[in-house]
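Summary of the model geometry
The lines below spell out each chain.
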Amino acid sequence: MALAVEAADFAGLAKYGLFGALGHQEYLLRAQQQLTGLYEQGLEVHLRVLEAGDFEDYCSALGLDPRAPAARVAYAGDPELAGEPFVYAGEPLVDLLPVLLDDHRARVRMSVACAALLGAVGDDPTGQRRMAAVMRYVTSVYLALAEGAGEGCHLLTLRCHGPEDGEELTSAVDVCVERGHLHPAGRDAEAFCVTLAAGVAAGGEGALLLHGDPSAGNGDGPPDRSPDGPPDRSPDGPPGGPRPGPRVRGWALAGGRLRPMTAHEVFDELADDAARGLPFPPGVVPQPGFRLPDFPGAGAGAGGGGGPLG
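Okay, so let's go over this structure. (Residues numbered from 1 in each chain as written. Predicted model: local features only at pLDDT ≥ 70, side-chain atom pairs only at ≥ 80, totals over all residues. Heavy atoms only, no water.)

Let us now look at the overall build of the chain. Within the chain, the regular secondary structure consists of 9 helices and 10 strands. Every one of the 310 residues in the chain was classed for burial, and the buried ones make up 44%. For the chain, the share of sequence-separated contacts (at least 6 apart) that also reach a separation of at least 24 residues comes to 69%. Here the chain displays about 15,400 Å² of accessible surface, and carbon together with sulfur accounts for 56% of that area. (Helix = DSSP H or I, 4+ residues; strand = E, 2+ residues; numbered from the N terminus. Buried < 20%, exposed > 50% of the residue type's maximum accessible area, 1.4 Å probe, protein only. Contact = heavy atoms within 4.5 Å. Areas by Shrake-Rupley, 256 points an atom, 1.4 Å probe, with all protein chains shown as cover.)

Before going further, it helps to spend a moment on helix α6 (residues 93–121). Over its 29 residues, α6 runs 41 Å from end to end, which matches the ideal 42 Å to within 8%, given 1.5 Å per residue. Positive phi appears at glycine 122, one or two residues downstream of α6, with a value of about 85°. (Expected span 1.5 Å × (residues − 1).)

Let us look at the sheet that holds strand β1 (residues 2–3). Strands sit in the order β1-β2-β3 across an open sheet of 3 strands; the sheet is mixed. Lying at the two open borders of the sheet, with one neighbouring strand each, are β1 and β3 (86–87). Relative to β3, strand β2 (residues 46–49) runs antiparallel, the two being bridged by 2 bridges. When the bridges of β3 are listed, histidine 46 appears paired with valine 87. (Pairing = 2+ DSSP bridges.)

Relative orientation of the contacting elements helix α7 (residues 125–149) and helix α8 (residues 186–201) amounts to 120°, with a least axis distance of 9 Å. When the interaxial angle is binned, α7 and α8 end up oblique. Along this stretch, α7 crosses α8, giving a crossing that reads as right-handed. Facing α7, whose interface residues are Val134, Met135, Tyr137, Val138, Val141 and Tyr142, α8 presents Ala189, Phe192, Cys193, Val194, Leu196, Ala197, Val200 and Ala201. When the residues that make up the contact of α7 with α8 are grouped by side-chain class, the tally is 14 nonpolar, no polar and no charged. (Axes fitted to C-alpha atoms, helices over the stretch in contact; angles between N-to-C directions. Parallel < 35°, antiparallel > 145°, perpendicular 65-115°, else oblique. Left-handed = near helix turned anticlockwise from the far one by under 90°. Nonpolar A, V, L, I, M, F, W, Y, C, P; charged D, E, K, R; others polar.)

Take the nonpolar core next. Generally speaking, nonpolar side chains in soluble globular proteins are found buried as a group. Formed by 39 residues in total, the largest nonpolar core has its most connected members in Leu156, Phe192 and Leu196. Every element with two or more residues in this core is listed here: α6, α7, β4 (152–161), β5 (169–178), α8, β7 (205–211) and β8 (247–254). Setting aside anything within four residues of it in sequence, one finds phenylalanine 192 in contact with Tyr142, Leu156, Leu158, Ser171, Val173 and Leu208. (Core = buried A, V, L, I, M, F, W, Y, C linked by side-chain atoms within 4.5 Å.)

Take the state of the cysteines next. For the coordinates displayed, the defined rule picks out 1 disulfide. Cysteine 153 shares a disulfide with cysteine 176; S-S distance 2.3 Å. Between cysteine 153 and cysteine 176, the S-S dihedral sits near 115°, and the bridge is therefore right-handed. Placement of cysteine 153 in strand β4 and of cysteine 176 in strand β5 is noted, with a sequence separation of 23 residues between them. Relative accessible area serves as the criterion here: at 19%, cysteine 176 is assigned to the buried category. (Disulfide = S-S within 2.5 Å.)

This part takes up helix α4 (residues 69–77). Along α4, the residues that are buried comprise Ala71, Tyr75 and Ala76. Projected down its long axis, α4 carries its buried residues within an arc of 130°, all on one side. Summarising the geometry of α4, the exposed residues directed more than 90 degrees from the buried face are Pro69, Ala70, Val73 and Gly77. (Arc of directions from axis to C-beta.)

For the rest of this paragraph, the subject is the pattern of salt bridges. Enumeration according to the criterion identifies 13 salt bridges in this entry. Residues arginine 159 and glutamate 168 are paired through a salt bridge, measuring 3.8 Å at the closest nitrogen-oxygen approach. Classification of arginine 159 by relative accessible area gives buried; the value is 17%. When its relative accessible area of 41% is taken as the criterion, glutamate 168 is described as partly exposed. Counted as one network, the salt bridges with shared partners bring together Arg159, Glu168, Glu269, Asp273 and Arg276. (Salt bridge = Lys/Arg side-chain N within 4 Å of Asp/Glu carboxyl O.)

In this section: the side chain of histidine 154. Relative to the helices and strands, histidine 154 is located in strand β4. Judged by its relative accessible area of 1%, histidine 154 falls in the buried class. Polar contacts involving the side chain of histidine 154 include one to the main-chain carbonyl oxygen of alanine 149, which spans 3.4 Å. One polar contact links the side chain of histidine 154 to the main-chain carbonyl oxygen of glycine 150, over a distance of 2.8 Å. (Polar contact = N/O pair within 3.5 Å; in protein donor to acceptor, adjacent residues only side chain to side chain.)

In structure tokens form, the structure reads like this:
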């Protein structure tokens with residue numbers, strides 16, 4: 001089942017008569033009733049977001065009339081679009097819709113990154129081997145970041161683009177570690193790894209930031225021993241003083257290779273993010289990134305992974 005989750009998409013699709021005379025809220029109420037009925041019958045329902053522009057492009061590509069009920073059914077059930085199913089588990093729509101939207105956006109990021117990755121490595125047998133090598137590498141990087149982050153729920157953000165007017169790719173994932181165990185992050189983790197793989201394979205430029213768990217103060221991650229960073233501080237801060245904010249560590253992606261940033265570079269990257277409209281973390285403690293795995297066969301660099309294709 002495809003749901004018009006956002007009001008703008010509902011309005012864009014209503015012109016095709018898909019919803020009759022229903023308003024968006026009444027449509028969602030009817031959808032809830034239908035989903036509840038199917039769930040109570042023991043039927044497994046797979047959901048995806050009905051997005052106006054995407055639906056119109058789909059119908060145009062396949063020569064379908066967007067006004068025809070069959071077009072909406074085809075869009076909802078097309079396995080090339082759906083990928084791994086999002087299964088309805090009986091949740092109220094008020095709780096489900098934000099999760100479904102997040103899943104949809106991760107799918108979109110992953111689709112764009114996959115296209116960039118394929119463009120960088122090619123689709124011949126050699127390209128497939130390169131892709132497998134890059135994916136193994138970025139998986140090792142992701143696990144190293146989780147291990148270095150330490151206990152708590154941390155945020156990884158990534159932006160990267162190709163060296164020649166490449167489209168900027170962005171991704172973010174929550175990395176939650178409890179008692180040394182990394183909790184699965186689902187589609188967001190997949191999207192993050194594919195996005196990083198695209199940047200690495202294309203010899204791209206960008207930045208990767210690890211935002212420490214705010215509730216953990218400055219105690220997350222390994223201790224800072226880099227001459228470029230600020231001196232180590234107690235997790236509780238100076239006696240009688242305020243508790244320090246979370247650490248943010250960073251790595252620069254340059255020519256498809258990751259290297260740790262200095263504390264000053266991390267601060268500058270946060271400032272650039274703020275200029276792009278992202279909030280500047282209050283009380284943040286910028287610190288250098290720790291060493292990440294080198295790409296196999298690339299040799300040991302000055303503290304980061306090696307790009308596999310350069």
